[in-house]
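# Overview (structure and organization)
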4 protein chains.
Amino acid sequence: MTLNDHEANPSAVLYGIGDLRVEERPVPRPAAGQVLVRIGAVGVCGSDVHYYDHGRIGDYVVRAPMVLGHESAGTIVAVGAGVEPTRVGELVAIEPGLPDYTCEECLHGRYNLCVNMRFFATPPIDGALAKYVAIDARFAHRAPDGMSAEEAAMAEPVSVGLWACRKAAVSVGDRVLVTGAGPVGLFAAQVARAFGATSVGISDVAAARRTAAAELGFTAYDAAHLPEESFDVLLECSGAPSAIVDGLRHLVPAGRAVLIGMGPDEVAVPLPLVQNLELVVTGVFRYANTYPDALDLIARGAIDLRMAITHRFTLEEAEQALTIARRDERTIKPVVLP
Amino acid sequence: MTLNDHEANPSAVLYGIGDLRVEERPVPRPAAGQVLVRIGAVGVCGSDVHYYDHGRIGDYVVRAPMVLGHESAGTIVAVGAGVEPTRVGELVAIEPGLPDYTCEECLHGRYNLCVNMRFFATPPIDGALAKYVAIDARFAHRAPDGMSAEEAAMAEPVSVGLWACRKAAVSVGDRVLVTGAGPVGLFAAQVARAFGATSVGISDVAAARRTAAAELGFTAYDAAHLPEESFDVLLECSGAPSAIVDGLRHLVPAGRAVLIGMGPDEVAVPLPLVQNLELVVTGVFRYANTYPDALDLIARGAIDLRMAITHRFTLEEAEQALTIARRDERTIKPVVLP
Amino acid sequence: MTLNDHEANPSAVLYGIGDLRVEERPVPRPAAGQVLVRIGAVGVCGSDVHYYDHGRIGDYVVRAPMVLGHESAGTIVAVGAGVEPTRVGELVAIEPGLPDYTCEECLHGRYNLCVNMRFFATPPIDGALAKYVAIDARFAHRAPDGMSAEEAAMAEPVSVGLWACRKAAVSVGDRVLVTGAGPVGLFAAQVARAFGATSVGISDVAAARRTAAAELGFTAYDAAHLPEESFDVLLECSGAPSAIVDGLRHLVPAGRAVLIGMGPDEVAVPLPLVQNLELVVTGVFRYANTYPDALDLIARGAIDLRMAITHRFTLEEAEQALTIARRDERTIKPVVLP
Amino acid sequence: MTLNDHEANPSAVLYGIGDLRVEERPVPRPAAGQVLVRIGAVGVCGSDVHYYDHGRIGDYVVRAPMVLGHESAGTIVAVGAGVEPTRVGELVAIEPGLPDYTCEECLHGRYNLCVNMRFFATPPIDGALAKYVAIDARFAHRAPDGMSAEEAAMAEPVSVGLWACRKAAVSVGDRVLVTGAGPVGLFAAQVARAFGATSVGISDVAAARRTAAAELGFTAYDAAHLPEESFDVLLECSGAPSAIVDGLRHLVPAGRAVLIGMGPDEVAVPLPLVQNLELVVTGVFRYANTYPDALDLIARGAIDLRMAITHRFTLEEAEQALTIARRDERTIKPVVLP
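Model, not experiment: these values are computed from the prediction. (Residues numbered from 1 in each chain as written. Chains lettered and ligands numbered in written order. Predicted model: local features only at pLDDT ≥ 70, side-chain atom pairs only at ≥ 80, totals over all residues. Heavy atoms only, no water.)

Looking now at the overall build of chain A. Tallying secondary structure elements over chain A gives 11 helices and 21 strands in all. In summary, chain A has a C-alpha radius of gyration of 20 Å against a globular reference of 20 Å for 338 residues, a match within 12%. With the C-alpha coordinates aligned to their principal axes, the bounding extent of chain A is approximately 65 × 40 × 40 Å. The burial tally for chain A puts 61% of its 338 residues in the buried class. Put simply, of all contacts in chain A between residues at least 6 apart along the chain, 69% involve residues at least 24 apart. When the accessible surface of chain A is summed, it comes to about 12500 Å², and 51% of that surface belongs to carbon and sulfur atoms. The centroid of the 28 positive side-chain charges in chain A is displaced by 2 Å from the centroid of its 41 negative side-chain charges. (Helix = DSSP H or I, 4+ residues; strand = E, 2+ residues; numbered from the N terminus. Rg over C-alpha atoms; globule rule 2.2 N^0.38 Å. Buried < 20%, exposed > 50% of the residue type's maximum accessible area, 1.4 Å probe, protein only. Contact = heavy atoms within 4.5 Å. Areas by Shrake-Rupley, 256 points an atom, 1.4 Å probe, with all protein chains shown as cover. Lys, Arg positive; Asp, Glu negative; His and termini not counted. Charge placed at Lys NZ, Arg CZ, Asp CG, Glu CD.)

Below is the structure:
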């Protein structure tokens, strides 16, 4: 046990809109079946920024102080009862949503839809923007040898893309259109390429983001002028109603659309198009059974993390990490290294 | 050959809005691979009424006189080259859409999405409301022994429900909600029951239609007051935006929705719901490879046709068949017997 | 709590080949999350008979005294911590295999393939041929109102058929061949009919069994003379190599075969046939997520239990229940009522 | 029309076992819907060698002189009625099996299982080892710009691997075992990698073939000593019974096996393993809808053709191309350039 019981656990806690405080919290003790992880890196997600800016996302409202952060990795420093002690020292990516394992959704293999899901940094569950986190040993996924903590932390956004590509059954032969060249879109596009997609194009309204997409080797389209060609798969990452509708209009008969980006509560959808072409439209809610594969994609270099990880901060600078996106149009993904 | 070359071919031809004329047309000669069918029964579909009332459905505009009718059956009276002459005398249900067989959609088994589809009573293709029709022998499906022409003609609307149930993969264990208790909904509900659905409920705004649903053994809901329970599958047959949205809101996680009824060009859809529950939404455009199974469902009594076939007319009375729905709220399905 | 702590728990314990003893065992106390069930009925399965006759099934060897029986139902008489006390009094069907919920197979929704599965009456786990059994509350499935215990116990063999029909995706349009008209085959055939199969035929070598199949409304074939027609689905319930091979030879291109009956360790399979017709061959190992649907099939009368349940015994007569099959060729399913 | 009517059409015709003659045949005239292709390259397949050596493959017997060869590509030199004349000059890969487009299998999108399939170099249909071939314009697939004829000809064996990977649904996360490192196996392995497989291992009994596999970046196993690990997918390319059985034994629960290599008429298969692990076993018969994607995989460099194409011959040397495999253990794929 490398952990000093009296050691502190500085944590980035959201108290309200625009009110983030780094404060000491007790170091959690790993319960039976858990591991204690010293966090090495936490990626900042748009949802973290949204809670910071608005204090809520839809029905999820921050009513009590909550630690932010759910894209994390670190080193196991202690294990609870029933966990192999040799795991101490492992670098692990932390899958941030713990299901109840036993509800109907879980028993059908859809644990991401578990109604009792406890997900990091989703009120009232604390996240990983801290020095120490305790987590179910099964959801601490061993990183391949030679991987860094910040690389391992990216298994979370890669998982989002991976789950979407599974829903769309992306494979060799598919021409894929990704709408939105933010972090979610760039990860999804790279995952689609790893799934064998014949071609992957990305659209965005912002020239800087299109440049980022092009630098990763993708065909970048101005969202206002999509090409005349059709696509087999739409991975919608912007949440923008116009992107959703335009994307659907560019699908082939029997094309598949997966809605990833969160948009407004209602969108005017051309349903006769869905009917006449028998399009299949679905959405993703987090992911299930993706972490080992996401880590493997990162390990084999299928995901360019230099493009993804653009700024680094200490835990004390967490607030800067949350706000930098306002000042840098090209910001892709700030990472906090506690 | 039982056909007299000089025999007439009275046909119900739509000349414009509200302008239906029964006129003599030449008896078609069956080309190679075709059969000539003496029509025994033609069901009147909402689309026939819509062309009669509006002269168009969406982008399909009646620009030249067109024979109506696509739910038909009759007796083979002659065959073209290459067709087994013993087929003369067969009672057949006519599948009304002829694909090109060779486009990419056809080669993938999605012939209903064939871009060169020639579909009865869809401008500019003539339909079956006539005494004689020539059709590709493969699309003249032999009716089981003992079936009547009007029963066989119902293979068309049954096919719509069958295709929808295939898209939704309805099976034992599924609680199915059908929205809309018109002919399409009542057929779809009965097909869902034949697919083994654990329960099938139907909603409608009209009490008379709910009564019809209840008489078929279904739980009937007032569309304004759906129950609190959730369903695995939504078969949307009304096209009404409120029914679509309410239906989606009553689905379980990973529930499936198939849009059958035609509604407005755009509907405000709660996409976050689709995402959070990972609903799968698709639509149907006609059907493929359904006719033999639809005929079998009818033959084994899985579809109650007494409820479906409510009024009978001669070909000369075709205009009455198209307009009776205006006068009888309970009208389900008028049939013309040429 | 309706249970007297000093009450006895007579149990039918297998000590060795042909050595079954009814002895007193302690009444189990329901642990947290468990319910205690007073068993009302236990069906006798071929596997029970096989353990009685041979002391083993393949690699599963009875090394210590073991209670037999896994097709059971009864009444909840006590609940452990965390279980709703109002469940006392419920009639429940007991799903007899408890997975670990958290292994990779479980997380993918394939809990029947859980490597840590604890399954009733599979060495070294005790079964349900006793007065009292404690079981995870989630695996005690409430029976529909008005169902008897012996009907509810049949949810187990019905589940086998249900799982096989799910694997085969049996639906409207499928012509199904069931090989073997023993209890497993008769249940599977009835389930296939409930799934909407267009036709279901059953083959057996024994005339008495063919008669049983015919009385349930199925076309019965002498296994030595299968008809010339082809089938879409094979549900193989005999385990006999000749039935497997003959069954495969009667499948259409892209036909599906599910192996249910246990046969020899190796079977000479015509693999070029599997290749040339692109047949899909798989097998079933118990079932997952079937119990509510099996109970529903029984409740709606889709399964004829008069045919299935043919003899009734008390717990003291358990040995007779295991051996009656030797004396009555038509025996389908003896049931023990503790 | 660039074709001189009097031009000759030298063709490699198999007259009997070991009796291949290059003889003049008339230049075919492209019928309506056809194109005439001047062949640029023909790969030699194991089936060509088998017909040369044995005069038959299973039930397919060479009863009349037949042109060999079905892996071909060339340049369109003339078109039949109804084909766009601008196609003259296109380099095309020839998909060698023409279905009837209209049988039940075709209408379901399984045209490779068409019962009226006319497949090159399968008795009595002539193949492509000739100077000119006429083919349905739809089955002459335009090669991407810059591709050579011999590269385009490889779309055929790549299609075999592609179809198998589709059947197995190979994707990111799958550990794939390919048994047999001959041409079929090496192509299939490379295709599996392009489908995103997490790992691909190949086994073979021959060290030279293992070396070839290793040079392509695959982990190569001695077929006699497979590793202890398990695989998600088996792509069986050897046809050897021991490889089939060993391969199945190395699959995970719910693993998928696709039988590609042709073996003996019967193989002793451990069916209890298929049942206990719920393995899914199927086979492939040629391919459907693969050519454009196979050409794309070649164009993007996913398939190493230097390894595949090892010897080149003129049409007059066709017999050497058929027999060189006997003399060179490492021979992978001889190509004839007419």
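With that settled, the discussion passes to unusual backbone geometry. Leave glycine aside and you will find that most residues have negative phi; peptide bonds, for their part, are mostly trans. In this structure, the amide linkage connecting P123 of chain A to the following residue, P124 of chain A, adopts the cis form with an omega of 5°. Relative to the helices and strands, P124 of chain A resides in the loop between β10 (118-119) and β11 (132-136). The phi angle at A169 of chain D is positive, at roughly 55°, despite the residue not being glycine. Relative to the helices and strands, A169 of chain D is located in the loop between α4 (155-168) and β13 (175-179). Given a relative accessible area of 48%, A169 of chain D falls into the partly exposed group. Positive phi, close to 55°, is recorded for R286 of chain D, a residue that is not glycine. Turning to its location among the elements, R286 of chain D is positioned in the loop between β19 (280-283) and α9 (291-299). You can call R286 of chain D buried: its relative accessible area is 18%.

Another point: the pairing of strand β2 (residues 19-25) of chain C. All names here are of chain C. Pairing analysis gives 7 bridges linking strand β1 (residues 9-16) to β2, with the strands arranged antiparallel. Residue pairing for β2: N9 is matched across the bridge by R25. Here β1 folds back onto β2, and the loop between the two strands holds 2 residues, one of which, G18, carries a positive phi near 70°. (Pairing = 2+ DSSP bridges.)

Here we take up the nonpolar core. The biggest cluster of nonpolar side chains holds 204 residues, and the ones touching the most others in it are L235 of chain B together with L235 of chain D. Core analysis: the next-biggest nonpolar cluster, separate from the first, contains 203 residues, L91 and A168 of chain A together with L20 and V335 of chain C among them. (Core = buried A, V, L, I, M, F, W, Y, C linked by side-chain atoms within 4.5 Å.)

Turning next to the pattern of salt bridges. Inspection of the entire model under this criterion finds 68 salt bridges over all chains. Here R210 of chain D makes a salt bridge to D222 of chain D, at a shortest N to O gap of 3.7 Å. One end of the pair, R210 of chain D, is in helix α6 (residues 207-215); the other, D222 of chain D, is in strand β15 (residues 219-222), and 12 residues separate them in sequence. If you follow the salt bridges from partner to partner, you end up with E23, R25 and D126 of chain A in one network. (Salt bridge = Lys/Arg side-chain N within 4 Å of Asp/Glu carboxyl O.)

So, on to the interface of chain A and chain B. A common way to report how large an interface is uses the accessible area buried once the components associate. With 35 residues of chain A at the contact, the number on the chain B side is 34 residues. Of the roughly 2900 Å² buried between chain A and chain B, counting both surfaces, carbon and sulfur atoms make up 56%. The salt bridge partner of E278 of chain B is K167 of chain A, with a shortest N-O separation of 2.9 Å. Connecting chain A to chain B are 19 residue pairs in polar contact (both at pLDDT 80 or more). Elements represented by at least two residues in the side of chain A that touches chain B include exactly α4 (155-168), β17 (251-259), β18 (267-269), α8 (271-276) and β19 (280-283) of chain A. Sorting elements by how many residues they give to the side of chain A that touches chain B places α8 of chain A first, with 5 residues. Of the residues contributing to the side of chain A that touches chain B, the split by class is 22 nonpolar, 7 polar and 6 charged. Across 3 bridges, the pairing between β18 of chain A and strand β18 (residues 267-269) of chain B is antiparallel. Counted as the bridge partner of A268 of chain A is A268 of chain B from β18 of chain B. (Buried area = accessible area lost by both parts, 1.4 Å probe. Polar contact = N/O pair within 3.5 Å; in protein donor to acceptor, adjacent residues only side chain to side chain. Nonpolar A, V, L, I, M, F, W, Y, C, P; charged D, E, K, R; others polar.)

Quick look at the relation of the copies chain B and chain C now. In screw terms, the move from chain B to chain C is a rotation of 180° and a rise of 0.0 Å along the axis, fitting with an RMSD of 0.0 Å. Here the two chains are linked by the operation of a two-fold rotation axis. By residue overlap, the copies meet face to face through one surface: 100% of the interface positions of chain B are interface positions in chain C. (Least-squares fit on C-alpha atoms with pLDDT ≥ 70 in both.)

With that settled, the discussion passes to the relation of the copies chain A and chain B. The two copies are related by a screw operation: chain A maps onto chain B through 180° of rotation and 0.0 Å of translation along the axis, at an RMSD of 0.0 Å. Most of the interface of chain A is mirrored in chain B: 97% of its interface residues are interface residues there too.

All names here are of chain C. Those residues of helix α1 (residues 46-54) that fall on the buried side of the exposure criterion are D48, V49, Y51 and Y52. Buried residues of α1, seen end-on, are gathered within an arc of 160° and therefore sit on one face of the element. Positive backbone phi, approximately 75°, marks G55, located one or two places after α1. (Arc of directions from axis to C-beta.)

This next bit is on the side chain of T179 of chain C. Relative to the helices and strands, T179 of chain C resides in strand β13 (residues 175-179). Leave out the neighbours within four places in its chain, and T179 of chain C touches S203, L234, L235, E236, C237, S238 and A243 of chain C.

Moving on to the confidence of the model for chain A. When pLDDT is low, close inspection of the predicted coordinates is not appropriate. With 97% of its residues at a pLDDT of at least 70, chain A reaches an overall mean of 95. This prediction of the complex comes with two scores: 0.97 for pTM and 0.96 for ipTM. (pLDDT = per-residue confidence, 0-100.)

Residue and element names in this part refer to chain A. Domain boundaries assigned for chain A yield domain 1 (10-154 + 308-336) and domain 2 (159-283). Using only C-alpha atoms to locate each centre, domain 1 and domain 2 end up separated by 28 Å. At the interface, 7 residues of domain 1 touch 9 residues of domain 2. Connecting domain 1 to domain 2 are 0 residue pairs in polar contact (both at pLDDT 80 or more). Each residue belonging to the side of domain 1 that touches domain 2 can be placed in one class, and the counts come to 3 nonpolar, 1 polar and 3 charged. (Domains from an automatic or database assignment.)

Moving on, we come to the interface of chain B and chain C. Contact with chain B, which involves 13 residues of that partner, is made by 13 residues of chain C. Between chain B and chain C the total buried area reaches about 990 Å² when both faces are included, carbon and sulfur atoms providing 49% of it. The three residues of chain B that bury the most area against chain C are V172, F195 and R300 of chain B, which together make up 46% of that side's buried surface. Our enumeration of links across chain B and chain C arrives at 0 salt bridges. Counting across the interface, chain B meets chain C through 4 residue pairs in polar contact (both at pLDDT 80 or more). Ranked by the residues each element gives to the side of chain B that touches chain C, the list is headed by helix α9 (residues 291-299) of chain B, at 3 residues.

This brings us to the environment of G185 of chain B. Residues and elements named next belong to chain B. Its place among the elements puts G185 in helix α5 (residues 183-194). On a C-alpha basis, the gap between G185 and E150 in space is 19 Å, while along the polypeptide they are 35 residues apart. Sequence-distant contacts of G185, defined by excluding residues within four places in its chain, comprise V178, G180 and C237.

Residue and element names in this part refer to chain A. Applying the stated criterion to the full structure yields 0 disulfides over all chains. Free cysteine: C165, not disulfide-bonded; nearest cysteine sulfur from C237 at 8.9 Å. Here C165 falls in the buried class, since its relative accessible area comes to 0%. (Disulfide = S-S within 2.5 Å.)

Bringing the sheet that holds β13 of chain C into the picture now. Taking strand neighbours across the sheet as the criterion, the 12 strands line up as β15(C)-β14(C)-β13(C)-β16(C)-β17(C)-β19(C)-β19(D)-β17(D)-β16(D)-β13(D)-β14(D)-β15(D) in an open arrangement whose pairing is mixed. Two strands in the sheet have a free side with no partner beyond their single neighbour: β15 (219-222) of chain C together with β15 of chain D. In this sheet, adjacent strand axes meet at a mean angle of 20° when their direction is disregarded. (Axes fitted to C-alpha atoms, helices over the stretch in contact; angles between N-to-C directions.)

Residue and element names in this part refer to chain B. Spatially, 3 strands are ordered β2-β1-β6 in an open sheet, and the strand pairing comes out antiparallel. Of all strands in the sheet, those with a lone pairing partner are β2 (19-25) and β6 (66-67), marking the two edges. Across the face of the sheet, helix α1 (residues 46-54) comes into contact with β1 (9-16), β2 and β6 while running at roughly 50° to β1.

Residue and element names in this part refer to chain D. Applying the stated rule across the entire model yields 16 aromatic pairs over all chains. Pairing Y101 with F139 gives two aromatic rings, centres 6.3 Å apart and planes at 75°, and the pair type is edge-to-face. Placement of the pair is Y101 in the loop between β9 (97-98) and α2 (104-107) and F139 in the loop between β11 (132-136) and β12 (140-142), with a sequence separation of 38 residues. Accessibility classification places Y101 together with F139 in one group, the buried group. The interplanar angle of 70° and the centroid separation of 6.2 Å between the aromatic rings of Y221 and F231 together place this pair among those described as edge-to-face. (Phe/Tyr/Trp six-rings, centres within 6.5 Å; stacked < 30°, edge-to-face > 60°.)

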